[in-house]
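What follows is the residue order along each chain.
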Amino acid sequence: MISPPEFLKPLLTRGRRYIDDVLKWSLSIDETVTLTRKNIGIFPGRAGWSFLLVVLLLWLVATNYENNLVMGLVFLLVSLFVISILHTFANLSGLKVRISNNQPCFAGEDACFELQIEKNHGRGCENIILRWGDSAPVAISLTKQQSQRIKIFVPTSQRGWLKPGRLIIESYYPLGLLRAWVALKTDCQTLIYPKPVVTSGIPPSVGSEGNDGELSAQAGNEDFAGFKAYQPGASLRQVAWKQYARGAGLNLKDYAATVDHRTWLDWDLLAGMDREARLSRLCHWAILSAQNDDLYGLRLPGYELAPERGPLHRQRVLKTLALFEWQRQEKQ
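The following paragraphs examine the structure supplied in this document. (Residues numbered from 1 in each chain as written. Predicted model: local features only at pLDDT ≥ 70, side-chain atom pairs only at ≥ 80, totals over all residues. Heavy atoms only, no water.)

## Digging into the overall build of the chain
Here's step 1: Counting secondary structure elements, the chain contains seven helices and 18 strands.
Here's step 2: The buried share among the 332 residues of the chain stands at 37%. (Helix = DSSP H or I, 4+ residues; strand = E, 2+ residues; numbered from the N terminus. Buried < 20%, exposed > 50% of the residue type's maximum accessible area, 1.4 Å probe, protein only.)

## Things to note about unusual backbone geometry
Here's step 1: In the segment running from Tyr-173 into Pro-174, the intervening peptide bond is cis, with an omega of 5°.
Here's step 2: One can find Pro-174 in the loop between β11 (166-171) and β12 (178-186).
Here's step 3: Non-glycine residue Glu-66 carries a positive phi angle of around 50°.
Here's step 4: Along the chain, the position of Glu-66 falls in the loop between α2 (46-65) and α3 (68-92).
Here's step 5: Its relative accessible area of 70% is what places Glu-66 among the exposed residues.
Here's step 6: The phi angle at Asn-127 is positive, at roughly 50°, despite the residue not being glycine.
Here's step 7: Topologically, Asn-127 is positioned in strand β7 (residues 125-132).
Here's step 8: A relative accessible area of 34% places Asn-127 in the partly exposed class.

## Some points on the environment of Gly-72
Here's step 1: Structurally, Gly-72 can be placed in helix α3.
Here's step 2: Gly-72 sits 10 residues away from Ala-62 along the chain, and the two C-alpha atoms are 9.0 Å apart.

## Describing the pairing of β12
Here's step 1: Judged by how many residues are buried, β12 sits mostly within the fold: seven of nine residues are covered.
Here's step 2: Of the strand pairs in this sheet, strand β3 (residues 41-44) and β12 are connected by four bridges, and their pairing is antiparallel. What sits directly across from Ile-42, in β12, is Ala-180.
Here's step 3: As paired elements, β11 and β12 share six bridges and run antiparallel to each other. Along β12, the bridge assignment pairs Ile-168 with Ala-183.
Here's step 4: The loop that links β11 with its antiparallel partner β12 comprises six residues; one of these, Gly-176, has a positive phi angle of about 80°. (Pairing = 2+ DSSP bridges.)

## Some remarks on helix α6 (residues 311-323)
Residues that lie three or four places apart on an α-helix share one face, since the helix turns once every 3.6 residues.
Here's step 1: Along its 13 residues, α6 runs 18 Å from first to last C-alpha, staying within 8% of the 18 Å computed at 1.5 Å per residue.
Here's step 2: Within α6, the full set of buried residues consists of His-313, Val-317, Leu-318, Thr-320, Leu-321 and Ala-322.
Here's step 3: At the C-terminal side of α6, Glu-325 shows a positive phi close to 50°. (Expected span 1.5 Å × (residues − 1).)

## Considering the pattern of salt bridges
Here's step 1: Throughout the structure, instances matching the rule amount to 10 salt bridges.
Here's step 2: A salt bridge links Arg-149 to Glu-114; the nearest nitrogen and oxygen atoms lie 3.4 Å apart. Residue Arg-149 is found in strand β9 (residues 147-155), and its partner Glu-114 is found in strand β6 (residues 110-119); the two are separated by 35 residues along the sequence.
Here's step 3: Accessibility expressed as a relative area gives 48% for Arg-149, which makes it partly exposed.
Here's step 4: Within the structure, one salt-bridge network assembled from shared partners comprises Arg-159, Arg-275, Glu-276 and Glu-325. (Salt bridge = Lys/Arg side-chain N within 4 Å of Asp/Glu carboxyl O.)

## As for the packing of aromatic side chains
Here's step 1: Applying the stated rule across the entire model yields five aromatic pairs.
Here's step 2: Where Phe-51 meets Phe-81, the ring centres are 6.0 Å apart and the plane angle is 10°; that geometry is what we call stacked. Pair noted here: Phe-51 is in helix α2 and Phe-81 is in helix α3, with a separation of 30 residues, a long-range link.
Here's step 3: Given the relative accessible area of 16%, Phe-51 is considered buried.
Here's step 4: You can call Phe-81 buried: its relative accessible area is 11%.
Here's step 5: Just above the ring of Trp-264 sits the side chain of Arg-299; from NZ or CZ to the centre is 3.8 Å. (Phe/Tyr/Trp six-rings, centres within 6.5 Å; stacked < 30°, edge-to-face > 60°. Lys NZ or Arg CZ within 6 Å of the ring centre and 35° of its normal.)

Nothing here speaks to function; it is geometry throughout.
And the structure:
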């Protein structure tokens, strides 16, 4: 590895310290960070380096041929570059950034992170670009409005907790010669559920007689449910003789059985599949059970979630599926 010249080492050391100071700023959920000269970096972009190269060539031409007109053009371009530094920096300076919300999603979908961008001065801020890691950039402008709420979508591929990484805020305004930027380290994360996959197997519906289910109107021989009109051919044992003796007519005793209508999303029902395939199909079953307002529970190796219904139960089931042996998946 070639070491840099001695006269460049102090500049490189100072540059590394400056970058470290910029990157150390962190942004938390419900916490506002104001962009100032302490955390804004500015550097020429590709167009800026090309611009400086052209200025250098013009200066060489002006000095070699003693052309005052070209030299005046060089001074004008250099002045334009210096003024552009001030305007590019001012376009980001004073902005307030806050993470306002993030929502869980399924693997394969784009996770949505919502940000609140606000300016604390009267001048407009144009062409501000925000992106999260490898996500698609989003450009906004704050001219008339004081604040704006934006959504940045991050692609997902695996279940579990998703940490989007550093939030990049940059601007090339007004001439595109310089890049003012901030890299904010965030501690936000969102939950990614397994990708639901439709299974061709039998749905996990388990209806059986028991003591923990709901009372059904189906015929049974356990609990007395009332009387019904006599039907020819009925068993004489079902005839309500006492009622008949009192002159109430010929009726039959009606019995009902307690039927267990609970649905179990059971890991063992998907034998022969790998872990992720089972979780994807259990996720699909959970979504269907929630849509049908079923009373459903979840059984995983070493874990059981009692049958319930409702939005909160759906979230608990999906979260359990998303984080089941998640650390082991991360190591693979």
